[in-house]
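Architecture at a glance
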Amino acid sequence: MNTTLKEGKKLIEEILSGTDRIPQDVTLIIAPPFTHLCPAARLIGNRRNPALAAQNSANRESGAYTGEVSASMLASIPCSHVILGHSERREYYGETNEILLDKIRLALASRLRPIFCVGEVLAEREGSMHFQVVASQLREVLCQLGPEDFKKVIVAYEPVWAIGTGKTATAEQAQEMHAFIRAFLAGTFGDLAASTPILYGGSCKPSNAREIFSQPDVDGGLIGGASLKAEDFLAIAGSFA
Ligand code: PEP
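The model shown is predicted, which means the values in this text are computed figures rather than measured ones.

**Some thoughts on the overall build of the protein**
- Within the protein one finds eleven helices and seven strands.
- Taking 18 Å as the expected radius of gyration for a compact globule of 241 residues, we find that the protein reaches 17 Å, a close match to that expectation.
- For the protein, the C-alpha atoms occupy an extent of roughly 45 × 45 × 35 Å along the three principal directions.
- Across the protein, every contact between residues at least 6 apart in sequence was considered, and the portion connecting residues at least 24 apart equals 69%.

As structure tokens, then:
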């Protein structure tokens, strides 16, 4: 919940003016607040990069759910991706795995690609529960999907203790969890899990992105605070070079 429309448009324009510095094979996705999506779609026009994501969508198809925004509304903008299960949605808005499974199914039915967030809180990591927590988030949501739907999903591992705290997981911690996620998903989806994009999120910045992204199971990043400065966001995207 950052930036007024004017500020958000300026930020998007700055990002757009720097996309030629980013390697051709890097996919950029920007996820502005709902109010900024249509203006963002207009600014992006028919560029291939960046794609557009929403930060949330409803767990109902349509109807009298005042204040909610449905997957089909987003798809009509058009918006191609939606972030679901961000830890702030889970913590402050009571989004359970059950609700998130409904949201993912509706998103997929509207041809949106879900970016599904998983991750443990600090006490869970300190209690060595992190693999168990992430496994249950995957089991109760993604493992309930059929293979055709699963192929469209992007996973974001976001240790909650690293989001907005300035505390980043080490590259080893990120790789260990990403490899675990891939192996866990392979248990249900076999070889398909090898091509699931698994992003790391949590205090990514230009100074640490290259090391994290160089890990074999880290396919990209979900960038929060650093995306509010176009230069930093572009430098992080450029870390894939
Ligand atoms: C986030 O909000 O999902 C996030 C990763 O934020 P930050 O990069 O600021 O930690």
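Following the structure, the description resumes.
**So, the nonpolar core**
- In this structure, Leu 142, Ile 181, Leu 185 and Tyr 200 are the most contacted members of the largest nonpolar core, which totals 60 residues.
- Each residue touching Leu 142, except ones within four places of it in the same chain, is listed here: Ile 104, Phe 116, Gln 137, Val 153, Val 155, Leu 185 and Phe 189.

**A short note on the site of the ligand**
- Every residue lining the ligand is accounted for by His 86, Glu 158, Ala 162, Ile 163, Gly 164, Gly 201, Gly 202, Ser 203, Leu 222, Gly 224 and Gly 225.
- Here an oxygen atom of the ligand sits 2.9 Å away from a polar atom, N or O, in the main chain of Gly 224.
- Between the ligand and the protein, one listed contact pairs an oxygen atom with a backbone N or O atom of Gly 225 at 2.8 Å.
- Contact with the protein chains hides 87% of the accessible area of the ligand, taken as 290 Å² for the molecule alone.
- A per-class count over the shell around the ligand returns three nonpolar, seven polar and one charged.

**Structural notes on the pattern of salt bridges**
- With the rule as written, the count across this model stands at nine salt bridges.
- With a closest N to O distance of 3.0 Å, Lys 151 and Glu 148 form a salt bridge.
- Here Arg 182 and Asp 219 are joined by a salt bridge, their closest N and O atoms 2.8 Å apart. Separated by 37 residues along the polypeptide, Arg 182 in helix α9 (residues 171–189) and Asp 219 in the loop between α10 (206–213) and β7 (220–222) bring together distant segments of the chain.
- Bridged by salt links that share partners, the residues Arg 89, Glu 95 and Lys 103 form one connected network.

**Concerning the sheet that holds strand β3 (residues 81–84)**
- The strand order across the open sheet formed by seven strands is β1-β2-β3-β4-β5-β6-β7, and the pairing between neighbours is parallel. Unpaired on one side and paired on the other, β1 (29–30) and β7 mark the two borders of the sheet.
- Bridging between strand β6 (residues 198–201) and β7 involves three bridges; their strand directions are parallel. Residue pairing in the sheet places Leu 199 in a bridge with Gly 220 of β7.

**Brief notes about the pairing of β6**
- Neither face of β6 is open: one carries Ile 198 and Tyr 200, the other Leu 199 and Gly 201, and all of them are buried.
- The pairing of strand β5 (residues 154–157) with β6 spans three bridges and is parallel. Within the sheet, the bridge partner assigned to Val 155 lies in β6 and is Ile 198.
- Crossover handedness for the path β5 to α9 to β6: right-handed.

**Examining the pairing of strand β2 (residues 51–54)**
- Here β2 shows a buried face lined by Ala 51 and Ala 53 and a second buried face lined by Leu 52 and Ala 54.
- Inspection of the sheet shows β1 paired to β2 by two bridges, in the parallel sense. Looking at β2, one finds that Ile 30 is bridged to Leu 52.
- What joins β1 to β2 is helix α2 (residues 34–44), and the crossover it makes is right-handed.
- In the sheet, β2 pairs with β3 via two bridges, with the strands oriented parallel. When the sheet's bridge partners are listed, Ala 54 is paired in β3 with Val 82.

**Examining the packing of helix α1 (residues 5–16) against α2**
- At a minimum axis distance of 10 Å, the contact between α1 and α2 shows a crossing angle of 30 degrees. For α1 against α2, the interelement crossing comes out right-handed. Only Thr 35, His 36, Pro 39, Ala 40, Leu 43 and Ile 44 of α2 make contact with α1, whose side of the interface consists of Leu 5, Gly 8, Lys 9, Ile 12, Glu 13 and Leu 16.
- Looking at the contact of α1 with α2 residue by residue, the class counts come to seven nonpolar, three polar and two charged.

**A closer look at the packing of aromatic side chains**
- On inspection of all chains with the given rule, the structure shows six aromatic pairs.
- Note on Tyr 92 and Tyr 93: the rings are 6.5 Å apart at their centroids and 85 degrees apart in plane angle, and the pair reads as edge-to-face.
- Aromatic ring contacts, followed pair by pair, group Phe 131, Phe 180 and Phe 184 into a single cluster.

The rules behind the values
Residues numbered from 1 in each chain as written. Predicted model: local features only at pLDDT ≥ 70, side-chain atom pairs only at ≥ 80, totals over all residues. Heavy atoms only, no water. Helix = DSSP H or I, 4+ residues; strand = E, 2+ residues; numbered from the N terminus. Rg over C-alpha atoms; globule rule 2.2 N^0.38 Å. Contact = heavy atoms within 4.5 Å. Core = buried A, V, L, I, M, F, W, Y, C linked by side-chain atoms within 4.5 Å. Buried < 20%, exposed > 50% of the residue type's maximum accessible area, 1.4 Å probe, protein only. Near = heavy atom within 4 Å. Polar contact = N/O pair within 3.5 Å; in protein donor to acceptor, adjacent residues only side chain to side chain. Areas by Shrake-Rupley, 256 points an atom, 1.4 Å probe, with all protein chains shown as cover. Nonpolar A, V, L, I, M, F, W, Y, C, P; charged D, E, K, R; others polar. Salt bridge = Lys/Arg side-chain N within 4 Å of Asp/Glu carboxyl O. Pairing = 2+ DSSP bridges. Right-handed = clockwise from strand over helix to strand, strands pointing away. Axes fitted to C-alpha atoms, helices over the stretch in contact; angles between N-to-C directions. Left-handed = near helix turned anticlockwise from the far one by under 90°. Phe/Tyr/Trp six-rings, centres within 6.5 Å; stacked < 30°, edge-to-face > 60°.

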